[in-house]
Amino acid sequence: MARLGQPCWIDITVTSADDRERLVAFLCDTFDWTAEVNGPETGYYTMLRRDGFDVAAVGQQAQGGGQWVTYLATDDIDASVARVRAHGGQVFMGPHTVMRAGTMAVALDPVGAVFGLWQADLFAGFDDTIGSGRPEWFHHGSPDPQAAVDFYCAAFDLSPRDDDGDTTVERDGRGFFSLGRNIAGNPPDIKPVILVDDLDSIEEAITAAGGEIYASRIPVPGGVATTFADPIVQAPLIISMNSA
C-alpha cells in the first residue's frame, strides 16, 4: 500500500476518441504496453499494462487537459485536500468517488503544477516494484523549486534531501520524487519517468512516430534519461535507463 504523498498512479485525459486511440497506440508501441478500454460511462478510461501490471491510463473527456497527472496517495482525502489548500494549493476537481475504485481529487500546487490525490478502495494504483516499461520515478519541474519543496513537505509530511542539485522529498529514508528547475519557458509539471532497457531504440521509435526529443541521454543518479513529447498531444514524459 502506498504511503501518504507517494506517487501511486498516472493518467492523461484527452478530448477526442481519435486522440485517445492514437495516443494509446503510440504508448503501446513504444513501451510494449497492452490496453483495455472501459465503457463510455468511464470516459473510455483505457487501462495500460505491462507484463500484467497496471502502469497508466488514458481517458477521454470534453474537458481533458492533455497532460500527464501524477496521483499522490492518501488514506484521508478530505484531510489531504484541506492541507493542500492550507499550504497554498488549489483543488479544482473533487473529491469524488470513482465507482468502487477509490476517491480522487485534482489540484494545482503553489508554483502551478497539476497533481492528483488518490484514496484507494478496490484499486490501489500501480505496484511500486521496479520493472522495464513501468513508472520508476517522478520529477517536478518549475521556476521556483524551493517553493514547491516547501509545499509538498508541509502538505504531505515529507522531508527534503539534496540530490545532485535537485531536491528529493522523502519519508523514513525512502524518496518519493525529485524537484528541480524547469528549462526557461517550460510550464511547471510533474513528469513520470518510465524505465526502459534500451534508450537508443526507444528514442528512435519516438522520432519515427513523430514525437519530439527535448533532451537526450542526460546523466541522472544511477543512469541516463531522455525527455520527450508524444506526437499526438505533445505531453512530456521522461524515459530512463539504469547504468549497467
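Bear in mind the structure is a predicted one, so any value in this text is a computation, not a measurement.

Rules used throughout
- Residues numbered from 1 in each chain as written.
- Predicted model: local features only at pLDDT ≥ 70, side-chain atom pairs only at ≥ 80, totals over all residues.
- Heavy atoms only, no water.
- Salt bridge = Lys/Arg side-chain N within 4 Å of Asp/Glu carboxyl O.
- Helix = DSSP H or I, 4+ residues; strand = E, 2+ residues; numbered from the N terminus.
- Buried < 20%, exposed > 50% of the residue type's maximum accessible area, 1.4 Å probe, protein only.
- Phe/Tyr/Trp six-rings, centres within 6.5 Å; stacked < 30°, edge-to-face > 60°.
- Contact = heavy atoms within 4.5 Å.
- Pairing = 2+ DSSP bridges.
- Axes fitted to C-alpha atoms, helices over the stretch in contact; angles between N-to-C directions.
- Arc of directions from axis to C-beta.
- Core = buried A, V, L, I, M, F, W, Y, C linked by side-chain atoms within 4.5 Å.

Q: Can you walk me through the pattern of salt bridges in this structure?
A: Side chains bearing opposite charge may pair, as long as their charged atoms lie close to each other. What the rule picks out here adds up to 11 salt bridges. One salt bridge in this structure joins Arg22 and Asp18, with 3.5 Å as the shortest N-O distance. Linking Arg22 with Asp18, this pair stays in helix 1 (residues 17-31), spanning 4 residues, or about one helical turn. A relative accessible area of 40% means that Arg22 is categorised as partly exposed. Classification of Asp18 as partly exposed rests on a relative accessible area of 44%. The residue Asp163 makes a salt bridge to Arg161 at a minimum N-O spacing of 3.8 Å. Judged by its relative accessible area of 21%, Asp163 falls in the partly exposed class. Each of the salt bridges in this network shares a partner with another, and the network as a whole consists of Asp18, Asp19 and Arg22.

Q: I'm lost on the packing of aromatic side chains in this one. Help?
A: We describe a pair of aromatic rings using the distance from one ring centre to the other and the angle between the two ring planes. Summed over the entire model, instances satisfying the criterion amount to 12 aromatic pairs. Seen from their ring centres, Tyr152 and Phe177 are 5.3 Å apart, and the 85° between their planes marks the pair as edge-to-face. Here the residue Tyr152 occupies a position in helix 3 (residues 145-156), and Phe177 occupies one in strand 12 (residues 174-181), the gap between them amounting to 25 residues. Judged by its relative accessible area of 2%, Phe177 falls in the buried class. Members of the aromatic cluster, each reached through a chain of ring pairs, are Trp9, Trp118, Phe123, Phe126 and Phe138.

Q: Looking at this structure, I do not really get the side chain of Thr103. What am I missing?
A: Checked against the element boundaries, Thr103 lands in strand 7 (residues 102-108). Thr103 gets classed as buried once you look at its relative accessible area, which sits at 17%. Residues within four places of Thr103 in sequence aside, it is in contact with Ile77, Pro95, His96, Thr97, Leu117, Trp118 and Gln119.

Q: Mind showing me how you'd approach the sheet that holds strand 7 here?
A: Whenever strands of a sheet pair, they do so through backbone hydrogen bonds, lying parallel or antiparallel. The 8 strands lie next to each other as 2-3-4-1-5-8-7-6, forming an open sheet whose pairing is mixed. Two strands in the sheet have a free side with no partner beyond their single neighbour: strand 2 (34-37) and strand 6 (90-98). Each adjacent strand pair in this sheet contributes to an overall mean axis angle of 25°, direction not counted. Of the pairings in the sheet, the one linking strand 5 (residues 68-73) to strand 8 (residues 114-120) comprises 3 bridges and is parallel in character. Bridged to Tyr71 within strand 8 is Gly116. Running at roughly 160° to strand 4 (residues 53-60), helix 1 makes contact with strand 1 (7-14), strand 2, strand 3 (46-50), strand 4 and strand 5 of the sheet.

Q: Would you mind going over helix 2 (residues 77-86) with me for this structure?
A: Spacing of three or four residues puts side chains on the same side of an α-helix, whose turn is 3.6 residues. Within the sequence span of helix 2, burial applies to Ile77, Ser80, Val81 and Val84. Down the axis of helix 2, the buried set is contained in an arc of 100°. They therefore lie on one face. When the buried face of helix 2 is taken as reference, the exposed residues oriented beyond 90 degrees from it are Asp78 and Ala86. The elements touched by buried residues of helix 2 are strand 6, strand 7, strand 8 and helix 3. The first or second residue beyond helix 2 is Gly88, which carries a positive phi of 100°.

Q: Where do I start with the nonpolar core in this structure?
A: The nonpolar side chains of a soluble globular protein tend to be buried, and buried together. Within the largest apolar cluster, 65 residues are counted, with the highest numbers of intra-cluster contacts made by Leu27 and Phe115. For this core, the element with the most residues is helix 3, which contributes 7 residues. Not counting chain neighbours up to four residues away, the residues in contact with Leu27 comprise Asp32, Trp33, Leu48, Val58, Trp68 and Leu237.

Q: Whenever I open this one, unusual backbone geometry confuses me. Can you help?
A: Peptide bonds are trans in most cases, and residues, glycine excluded, mostly fall at negative phi. Note that the residue after Gly94, namely Pro95, is joined by a cis bond; omega there is 5°. Along the polypeptide, Pro95 turns up in strand 6. Not every positive phi belongs to a glycine, and Asp51 is a case in point at roughly 55°. Phi at Gln234 takes a positive value of approximately 55°, unusual for a residue other than glycine. In this fold, Gln234 is placed in the loop between strand 15 (223-229) and strand 16 (236-242).

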